Amino acid sequence: MTNRLPLTVAVVGATGVVGGTMIRVLEERDFPVGELRPLASARSVGRTMPFRGARIEVAEATPEAFDGVDLAFFSAGGGTSRELAPVAVARGATVIDNSSAWRMEPGVPLVVSQVNPDDLAGHEGIIANPNCSTMQLVPVLMALRDSVGLERVIVDTYQSVSGTGAKAIAELEGQVRAHVAGEPKAASVYPHPIAFNALPEIDVFQDDGYTREEWKIAVESRKILHLPDLRVSSTAVRIPVFVSHSEAVHVETRRPITPDRARELFCGVPGVTVQDDPAGHVYPLATHAAGRDDVFVGRVRQDPSVPDGRGLAFWVVSDNLRKGAALNAVELAEILIERDWLRAASRRTPATIGSGAGEGHA
Ligand SMILES: NC(=O)c1ccc[n+]([C@@H]2O[C@H](COP(=O)([O-])OP(=O)(O)OC[C@H]3O[C@@H](n4cnc5c(N)ncnc54)[C@H](OP(=O)(O)O)[C@@H]3O)[C@@H](O)[C@H]2O)c1
């Protein structure tokens, strides 16, 4: 490996729930950070973020803040990414973006580390991290795609409030306290109280009646799995859980598959853990997945509504802030370093493009 290490790393949105998790994951995985630049809006200038036993001052995310940056993790909303990711790239950084701004842009790789890492080879400076609901779904779907083929997926989500950000966590906490105190539950982040409720509205409604979140799960899954014709339908629901998204998944496969075989296949996917002992009340839980890196899958059973043994139903749970956002982003950066793809493809020498070996990162 000839990348110049350690790297200067910017975290844009450092004061948010994803940005904070990103900094923790970089530290936990001993990522080769030489200099960390926590960036956020002008509101946060002067705040500090903990990193390797020190406190590092947050700076404003301006164009100049990217000078000398090798790698920038963005999690500061789509508008910030649209505006500043190209600026960071023009100043020599490679961007791994957590927002939805670039995911479906042709030529921008949309990557889950254990599913389609080779798609990183041709990046031109911006790499997109998928939506958290898509992220935990596709490693499991990949195992079925590769073994028996996939025809159709129906996924209904039970998503935690941390998926909306810091303000939503505070809103749920406030509403729980208000309930206990017998006071009215004020809602500002969501259109209705989220405490003791289930809201079938995540992101905006589209003309076809689906929400943008439901649309993202469909189009992102197709792009990541390289299955442009995969039939997908989804209902995305916000529930009063702090961390971890859960998903009820129904799959129609091309060829028959038994639940036992599916469990074997799921066990073989890196980063996927099967928890499936209904008699012992063992199945994936949001509270167990929170703070952990894996995608957990259980309740695997045959779906009798699909003929010829081609239907499966199961339950998938993962920490939306870790695998669903920060962890996958850092895993992608680790792959870029390992394969010497940190530089945009057009800035590598011809011999290095897609080869995993070559000249260094200037
Ligand atoms: N939460 C999840 O599970 C999840 C998963 C995948 C992707 N994402 C994406 O990650 C992004 C952040 O989500 P979050 O949950 O961490 O939200 P959050 O807790 O609300 O944090 C938002 C962050 O963005 C910063 N920010 C806002 N406007 C900015 C601006 N104009 N310039 C620079 N920084 C700005 C904020 O800085 P200040 O503190 O200074 O306002 C804060 O650091 C969103 O794009 C979201 O879609 C989230």
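Note that the structure is a prediction, hence the values are computed from the model and not measured. (Residues numbered from 1 in each chain as written. Predicted model: local features only at pLDDT ≥ 70, side-chain atom pairs only at ≥ 80, totals over all residues. Heavy atoms only, no water.)

Caption draft 1: Here's a closer look at the confidence of the model for the chain. Mean pLDDT for the chain: 95, with 96% of residues reaching 70 or above. Throughout residues 352–362 the model reports pLDDT below 50, and contacts reaching past four residues in sequence, or to other chains, amount to 38 contacts. (pLDDT = per-residue confidence, 0-100. Contact = heavy atoms within 4.5 Å.)

Caption draft 2: Molecular detail of the sheet that holds strand 7 (residues 94–97). A sheet is described by the order of its strands in space; here six strands give the open sequence 5-2-1-6-7-8, paired in parallel fashion. If you trace the sheet from one side to the other, it starts and ends with strand 5 (59–60) and strand 8 (126–128), each paired once. For strand 6 (residues 71–74) and strand 7, the ladder comprises four bridges, and the chain directions are parallel. From the neighbouring strand, A72 faces strand 7, where its bridge partner is V95. (Pairing = 2+ DSSP bridges. Helix = DSSP H or I, 4+ residues; strand = E, 2+ residues; numbered from the N terminus.)

Caption draft 3: Expanded view of the sheet that holds strand 9 (residues 150–159). Pairing in this open sheet of six strands is mixed, and the strands run 10-9-11-14-13-12 from one edge to the other. Looking at strand neighbours, the two that pair on one side only are strand 10 (231–238) and strand 12 (272–274), the edges of this open sheet. On average, each strand axis in the sheet is tilted by 20° relative to the strand beside it, whichever way the strands run. As paired strands, strand 9 and strand 11 (residues 245–253) are joined by eight bridges and run antiparallel to one another. From the neighbouring strand, D156 faces strand 11, where its bridge partner is A248. Seen against the sheet, helix 6 (residues 259–267) touches strand 12, strand 13 (295–302) and strand 14 (311–318) and runs at an angle of roughly 165° to strand 13. (Axes fitted to C-alpha atoms, helices over the stretch in contact; angles between N-to-C directions.)

Caption draft 4: Representation of unusual backbone geometry within the structure. In this structure, D308 is a non-glycine residue whose phi angle is positive, near 65°. Tracing the backbone through its elements, the reader meets D308 in the loop between strand 13 and strand 14. Here D340, not a glycine, exhibits a phi torsion of approximately 60°, which is positive. Topologically, D340 is positioned in the segment after helix 8 (322–338).

Caption draft 5: Summary view of the packing of aromatic side chains. Going through the model one piece at a time under the given rule, you end up with four aromatic pairs. Note on F31 and F73: the rings are 6.5 Å apart at their centroids and 70° apart in plane angle, and the pair reads as edge-to-face. Residue F31 is located in the loop between helix 1 (17–28) and strand 2 (33–40), and its partner F73 is located in strand 6; the two are separated by 42 residues in the primary sequence. Note on accessibility: F31 and F73 belong to one class, buried. Between F66 and F74, the ring centres sit 5.7 Å apart and the planes meet at 10°, which makes this aromatic pair stacked. Of the two residues examined, F66 and F74, each falls in the buried class. (Phe/Tyr/Trp six-rings, centres within 6.5 Å; stacked < 30°, edge-to-face > 60°. Buried < 20%, exposed > 50% of the residue type's maximum accessible area, 1.4 Å probe, protein only.)

Caption draft 6: Structural context of the side chain of N116. Relative to the assigned elements, N116 resides in the loop between strand 7 and strand 8. A polar contact of 2.8 Å, which involves the side chain of N116, links it to the backbone oxygen of L110. Among the polar contacts listed, one links the side chain of N116 to the backbone nitrogen of V112, at a separation of 2.9 Å. Once you skip the residues sitting within four places of it in the chain, N116 turns out to touch L110, V111, I224 and H226. (Polar contact = N/O pair within 3.5 Å; in protein donor to acceptor, adjacent residues only side chain to side chain.)

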